[in-house]
Amino acid sequence: LEGVDYDYMLAEPEPLDWAVQDIFLSETVGLISGNGGAGKSTLMMQLATCATLGLPWLGYAVKPVKALMLACEDDRRIVRLRQRWINRALDLDMADVLDAGLDIIPRSGQDNTLMELDRPSWRMKTTALFEKLVLRCRRTGVQLVIIDTVAKTFGGRDIEARHVTAFVDEMQRLAEMIRGIVLLTQHPSMSGRKSGTGESGSVQWESAVRSRLYVHKHQALGLVLEGMKSNYAAKAPPLKIEWQRGVFVPVEAPAPRDYSQPQDYR
(Lines give C-alpha, C1' and ligand atoms only; values in the text may rest on other atoms or scores of the structure.)
Protein backbone atom coordinates (compact mmCIF):
# COMPACT_ATOMS: atom_id res chain seq x y z
CA LEU A 1 0.00 0.00 0.00
CA GLU A 2 1.74 3.11 -1.27
CA GLY A 3 0.34 6.54 -0.50
CA VAL A 4 0.54 9.64 -2.69
CA ASP A 5 3.84 11.51 -2.49
CA TYR A 6 3.73 14.42 -0.01
CA ASP A 7 5.30 16.95 -2.39
CA TYR A 8 2.92 15.90 -5.16
CA MET A 9 -0.06 16.64 -2.92
CA LEU A 10 1.30 20.10 -2.12
CA ALA A 11 1.93 21.01 -5.76
CA GLU A 12 -0.63 22.98 -7.79
CA PRO A 13 -2.84 20.50 -9.76
CA GLU A 14 -2.59 20.53 -13.54
CA PRO A 15 -5.74 21.22 -15.62
CA LEU A 16 -7.93 18.24 -16.39
CA ASP A 17 -7.07 16.65 -19.74
CA TRP A 18 -10.36 16.22 -21.60
CA ALA A 19 -10.53 13.79 -24.50
CA VAL A 20 -13.98 15.23 -25.29
CA GLN A 21 -14.89 18.57 -23.76
CA ASP A 22 -16.46 18.12 -20.31
CA ILE A 23 -17.63 14.58 -21.14
CA PHE A 24 -14.77 12.07 -21.42
CA LEU A 25 -11.61 12.59 -19.39
CA SER A 26 -8.29 11.15 -20.61
CA GLU A 27 -7.01 7.99 -18.88
CA THR A 28 -10.53 6.83 -18.04
CA VAL A 29 -13.16 4.46 -19.44
CA GLY A 30 -16.41 5.84 -20.83
CA LEU A 31 -19.63 4.21 -21.99
CA ILE A 32 -22.10 5.09 -24.75
CA SER A 33 -25.42 3.30 -24.51
CA GLY A 34 -28.30 3.17 -26.96
CA ASN A 35 -30.84 0.85 -28.50
CA GLY A 36 -29.90 -1.21 -31.53
CA GLY A 37 -30.13 1.01 -34.59
CA ALA A 38 -29.98 4.23 -32.55
CA GLY A 39 -26.74 5.26 -34.26
CA LYS A 40 -24.02 4.45 -31.73
CA SER A 41 -21.63 3.05 -34.33
CA THR A 42 -22.02 6.04 -36.64
CA LEU A 43 -21.57 8.47 -33.76
CA MET A 44 -18.42 6.67 -32.67
CA MET A 45 -16.99 6.60 -36.19
CA GLN A 46 -17.67 10.32 -36.40
CA LEU A 47 -15.86 10.82 -33.08
CA ALA A 48 -12.89 8.69 -34.19
CA THR A 49 -12.62 10.68 -37.41
CA CYS A 50 -12.88 14.04 -35.66
CA ALA A 51 -10.28 13.07 -33.06
CA THR A 52 -7.85 11.90 -35.73
CA LEU A 53 -8.21 15.19 -37.62
CA GLY A 54 -8.50 17.47 -34.57
CA LEU A 55 -12.03 18.60 -35.43
CA PRO A 56 -15.05 19.25 -33.16
CA TRP A 57 -17.52 16.39 -32.70
CA LEU A 58 -21.17 17.51 -32.69
CA GLY A 59 -19.89 20.89 -31.53
CA TYR A 60 -17.80 19.50 -28.65
CA ALA A 61 -14.07 20.19 -28.61
CA VAL A 62 -12.03 17.00 -29.08
CA LYS A 63 -8.39 16.38 -28.23
CA PRO A 64 -6.48 15.60 -31.46
CA VAL A 65 -5.22 12.01 -31.16
CA LYS A 66 -4.93 8.88 -33.27
CA ALA A 67 -8.05 6.75 -32.98
CA LEU A 68 -8.82 3.05 -33.33
CA MET A 69 -12.30 1.54 -33.49
CA LEU A 70 -13.00 -2.16 -33.10
CA ALA A 71 -16.19 -2.43 -35.17
CA CYS A 72 -17.48 -5.84 -34.08
CA GLU A 73 -20.93 -5.51 -35.67
CA ASP A 74 -19.94 -4.19 -39.11
CA ASP A 75 -18.19 -5.66 -42.13
CA ARG A 76 -15.80 -3.76 -44.38
CA ARG A 77 -18.54 -2.76 -46.85
CA ILE A 78 -20.51 -0.92 -44.17
CA VAL A 79 -17.37 0.61 -42.66
CA ARG A 80 -16.30 2.01 -46.03
CA LEU A 81 -19.77 3.33 -46.84
CA ARG A 82 -20.22 4.95 -43.44
CA GLN A 83 -16.76 6.51 -43.61
CA ARG A 84 -17.52 7.98 -47.05
CA TRP A 85 -20.64 9.64 -45.62
CA ILE A 86 -18.58 11.07 -42.75
CA ASN A 87 -15.88 12.31 -45.15
CA ARG A 88 -18.50 13.98 -47.32
CA ALA A 89 -19.95 15.81 -44.32
CA LEU A 90 -16.46 17.04 -43.37
CA ASP A 91 -15.51 17.81 -46.99
CA LEU A 92 -12.51 15.46 -46.83
CA ASP A 93 -11.01 12.80 -49.08
CA MET A 94 -10.64 9.22 -47.86
CA ALA A 95 -6.87 9.38 -48.34
CA ASP A 96 -6.64 12.44 -46.08
CA VAL A 97 -8.46 10.64 -43.28
CA LEU A 98 -6.49 7.40 -43.58
CA ASP A 99 -3.15 9.22 -43.87
CA ALA A 100 -3.97 11.06 -40.64
CA GLY A 101 -4.02 7.67 -38.87
CA LEU A 102 -7.66 6.63 -38.52
CA ASP A 103 -7.80 2.89 -37.82
CA ILE A 104 -11.20 1.17 -38.20
CA ILE A 105 -11.16 -2.61 -37.80
CA PRO A 106 -14.31 -4.35 -39.12
CA ARG A 107 -14.85 -7.71 -37.41
CA SER A 108 -18.44 -8.71 -38.13
CA GLY A 109 -19.02 -12.45 -37.74
CA GLN A 110 -15.74 -13.09 -35.88
CA ASP A 111 -14.97 -13.99 -32.28
CA ASN A 112 -14.29 -10.62 -30.68
CA THR A 113 -13.97 -11.65 -27.04
CA LEU A 114 -11.39 -9.48 -25.26
CA MET A 115 -11.86 -11.05 -21.81
CA GLU A 116 -13.35 -14.44 -21.03
CA LEU A 117 -14.22 -16.43 -17.94
CA ASP A 118 -11.75 -19.01 -16.69
CA ARG A 119 -14.24 -21.40 -15.15
CA PRO A 120 -11.88 -23.36 -12.84
CA SER A 121 -10.86 -20.13 -11.06
CA TRP A 122 -14.08 -18.23 -11.87
CA ARG A 123 -11.90 -15.25 -12.81
CA MET A 124 -11.76 -13.16 -15.96
CA LYS A 125 -8.68 -13.39 -18.18
CA THR A 126 -7.61 -11.53 -21.30
CA THR A 127 -7.62 -13.22 -24.70
CA ALA A 128 -5.07 -13.26 -27.52
CA LEU A 129 -7.21 -10.71 -29.35
CA PHE A 130 -6.88 -8.26 -26.48
CA GLU A 131 -3.11 -8.65 -26.47
CA LYS A 132 -3.08 -7.96 -30.22
CA LEU A 133 -5.16 -4.84 -29.62
CA VAL A 134 -2.71 -3.60 -26.99
CA LEU A 135 0.25 -4.24 -29.29
CA ARG A 136 -1.44 -2.38 -32.15
CA CYS A 137 -2.11 0.64 -29.93
CA ARG A 138 1.52 0.70 -28.78
CA ARG A 139 2.91 0.42 -32.28
CA THR A 140 0.70 3.10 -33.82
CA GLY A 141 0.43 5.57 -30.94
CA VAL A 142 -3.35 5.32 -30.63
CA GLN A 143 -4.85 7.31 -27.74
CA LEU A 144 -8.56 6.82 -28.42
CA VAL A 145 -9.88 3.25 -28.47
CA ILE A 146 -13.55 2.59 -29.25
CA ILE A 147 -14.89 -0.90 -28.60
CA ASP A 148 -18.19 -1.49 -30.36
CA THR A 149 -19.79 -3.35 -28.53
CA VAL A 150 -19.61 -4.74 -24.98
CA ALA A 151 -21.94 -7.57 -26.01
CA LYS A 152 -19.38 -8.80 -28.55
CA THR A 153 -16.25 -8.43 -26.41
CA PHE A 154 -17.25 -9.21 -22.81
CA GLY A 155 -17.06 -12.95 -22.13
CA GLY A 156 -18.20 -12.95 -18.51
CA ARG A 157 -21.58 -13.03 -16.83
CA ASP A 158 -23.29 -9.67 -17.01
CA ILE A 159 -25.00 -10.16 -13.64
CA GLU A 160 -21.70 -10.98 -11.91
CA ALA A 161 -20.30 -7.71 -10.55
CA ARG A 162 -16.75 -9.08 -10.28
CA HIS A 163 -16.70 -10.03 -13.96
CA VAL A 164 -17.88 -6.59 -15.06
CA THR A 165 -15.39 -4.87 -12.75
CA ALA A 166 -12.51 -7.00 -14.03
CA PHE A 167 -13.38 -6.13 -17.64
CA VAL A 168 -13.62 -2.38 -17.00
CA ASP A 169 -10.44 -2.47 -14.87
CA GLU A 170 -8.56 -4.03 -17.80
CA MET A 171 -9.89 -1.31 -20.11
CA GLN A 172 -8.77 1.25 -17.52
CA ARG A 173 -5.24 -0.16 -17.56
CA LEU A 174 -5.27 0.14 -21.35
CA ALA A 175 -6.42 3.76 -21.12
CA GLU A 176 -3.61 4.58 -18.71
CA MET A 177 -1.03 2.73 -20.81
CA ILE A 178 -1.88 4.71 -23.96
CA ARG A 179 -2.41 7.92 -21.94
CA GLY A 180 -5.76 8.21 -23.64
CA ILE A 181 -9.28 6.91 -23.32
CA VAL A 182 -11.25 3.72 -23.95
CA LEU A 183 -14.91 4.06 -24.93
CA LEU A 184 -17.34 1.13 -24.80
CA THR A 185 -20.70 0.95 -26.55
CA GLN A 186 -23.57 -1.00 -25.05
CA HIS A 187 -27.24 -1.82 -25.51
CA PRO A 188 -29.47 -0.94 -22.53
CA SER A 189 -31.65 -3.48 -20.79
CA MET A 190 -35.43 -3.45 -21.14
CA SER A 191 -35.75 -1.83 -17.72
CA GLY A 192 -33.14 0.74 -18.73
CA ARG A 193 -35.16 1.63 -21.81
CA LYS A 194 -38.44 1.89 -19.90
CA SER A 195 -36.95 4.02 -17.12
CA GLY A 196 -35.20 6.33 -19.58
CA THR A 197 -31.79 5.84 -17.95
CA GLY A 198 -30.34 3.56 -20.64
CA GLU A 199 -28.65 1.38 -18.02
CA SER A 200 -27.75 -2.24 -18.73
CA GLY A 201 -28.80 -5.30 -16.75
CA SER A 202 -26.00 -4.93 -14.21
CA VAL A 203 -25.64 -1.72 -12.20
CA GLN A 204 -21.91 -2.45 -12.04
CA TRP A 205 -21.43 -1.14 -15.58
CA GLU A 206 -22.75 2.23 -14.44
CA SER A 207 -20.57 2.16 -11.32
CA ALA A 208 -17.35 1.04 -12.99
CA VAL A 209 -17.10 3.60 -15.82
CA ARG A 210 -16.36 7.27 -15.15
CA SER A 211 -18.84 8.77 -17.63
CA ARG A 212 -21.74 7.66 -19.80
CA LEU A 213 -23.72 9.06 -22.70
CA TYR A 214 -27.12 7.80 -23.82
CA VAL A 215 -28.47 8.25 -27.35
CA HIS A 216 -32.25 7.91 -27.31
CA LYS A 217 -35.58 9.38 -28.31
CA HIS A 218 -36.55 12.13 -25.87
CA GLN A 219 -40.30 12.66 -25.43
CA ALA A 220 -40.06 16.41 -25.98
CA LEU A 221 -36.85 16.90 -27.97
CA GLY A 222 -36.71 13.89 -30.27
CA LEU A 223 -33.36 12.17 -30.83
CA VAL A 224 -30.81 13.34 -28.25
CA LEU A 225 -27.36 12.53 -26.94
CA GLU A 226 -27.57 12.95 -23.18
CA GLY A 227 -25.05 12.75 -20.38
CA MET A 228 -26.20 10.21 -17.78
CA LYS A 229 -23.07 10.09 -15.63
CA SER A 230 -19.97 12.24 -15.17
CA ASN A 231 -17.56 11.93 -12.27
CA TYR A 232 -15.54 15.04 -13.11
CA ALA A 233 -17.97 17.60 -14.57
CA ALA A 234 -21.64 18.40 -14.72
CA LYS A 235 -23.59 15.89 -16.79
CA ALA A 236 -23.92 16.94 -20.41
CA PRO A 237 -27.46 18.26 -21.05
CA PRO A 238 -29.53 16.64 -23.82
CA LEU A 239 -28.07 17.59 -27.20
CA LYS A 240 -30.67 17.35 -29.94
CA ILE A 241 -29.24 15.67 -33.02
CA GLU A 242 -30.63 14.70 -36.39
CA TRP A 243 -29.71 12.41 -39.27
CA GLN A 244 -28.51 14.19 -42.40
CA ARG A 245 -27.13 12.35 -45.42
CA GLY A 246 -25.61 9.49 -43.44
CA VAL A 247 -24.28 11.34 -40.39
CA PHE A 248 -25.56 12.95 -37.21
CA VAL A 249 -25.44 16.72 -36.81
CA PRO A 250 -26.40 18.85 -33.80
CA VAL A 251 -29.54 20.93 -34.15
CA GLU A 252 -27.93 23.45 -31.81
CA ALA A 253 -24.23 23.44 -30.94
CA PRO A 254 -23.30 22.92 -27.25
CA ALA A 255 -22.74 26.12 -25.29
CA PRO A 256 -19.04 27.13 -25.36
CA ARG A 257 -17.07 26.91 -22.14
CA ASP A 258 -14.49 29.43 -20.91
CA TYR A 259 -11.53 27.25 -19.96
CA SER A 260 -9.56 30.25 -18.65
CA GLN A 261 -11.84 30.33 -15.61
CA PRO A 262 -11.78 27.81 -12.74
CA GLN A 263 -14.39 25.10 -13.24
CA ASP A 264 -16.84 23.93 -10.63
CA TYR A 265 -16.98 20.14 -10.90
CA ARG A 266 -19.59 19.52 -8.23
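See the structure above.
Residues numbered from 1 in each chain as written. Predicted model: local features only at pLDDT ≥ 70, side-chain atom pairs only at ≥ 80, totals over all residues. Heavy atoms only, no water.

Moving on, we come to the nonpolar core. With 39 residues, the main nonpolar core has Leu43, Met44, Trp57, Leu144, Leu183 and Ile241 as its most contacted residues. With seven residues, the single largest contributor to this core is helix α2 (residues 40–53). Apart from the residues within four sequence positions on either side, Ile241 is in contact with Leu43, Leu58, Val215, Leu223, Val224, Leu225, Phe248, Val249, Pro250 and Val251. Among the nonpolar cores identified, the runner-up in size contains 32 residues, and Leu68, Leu117, Val164 and Ala175 belong to it. (Core = buried A, V, L, I, M, F, W, Y, C linked by side-chain atoms within 4.5 Å. Buried < 20%, exposed > 50% of the residue type's maximum accessible area, 1.4 Å probe, protein only. Helix = DSSP H or I, 4+ residues; strand = E, 2+ residues; numbered from the N terminus. Contact = heavy atoms within 4.5 Å.)

Pairing geometry for strand β6 (residues 115–118) and strand β7 (residues 123–126), over four bridges, is antiparallel. Paired with Asp118 across the strands is Arg123, a residue of β7. Examined bridge by bridge, β6 and strand β9 (residues 154–155) share two bridges and lie parallel to one another. The residue of β9 that forms the bridge with Glu116 is Gly155. (Pairing = 2+ DSSP bridges.)

To continue, consider α2. What sets the pattern is the α-helix's 3.6 residues per turn: residues three or four places apart point alike. In this model, α2 (14 residues) spans 20 Å end to end at C-alpha, consistent with the 20 Å of a helix rising 1.5 Å per residue. Along α2, 13 of the 14 residues are buried, which leaves the element largely enclosed by surrounding structure. In the stretch just after α2, Gly54 is the one whose phi turns positive, near 70°. (Expected span 1.5 Å × (residues − 1).)

The three strands lie next to each other as β7-β6-β9, forming an open sheet whose pairing is mixed. Looking at the sheet topology across the chains shown, the edges are occupied by β7 and β9. In this fold helix α7 (residues 161–178) packs onto β6, β7 and β9, with an angle of close to 140° to the strand it touches most, β6. (Axes fitted to C-alpha atoms, helices over the stretch in contact; angles between N-to-C directions.)

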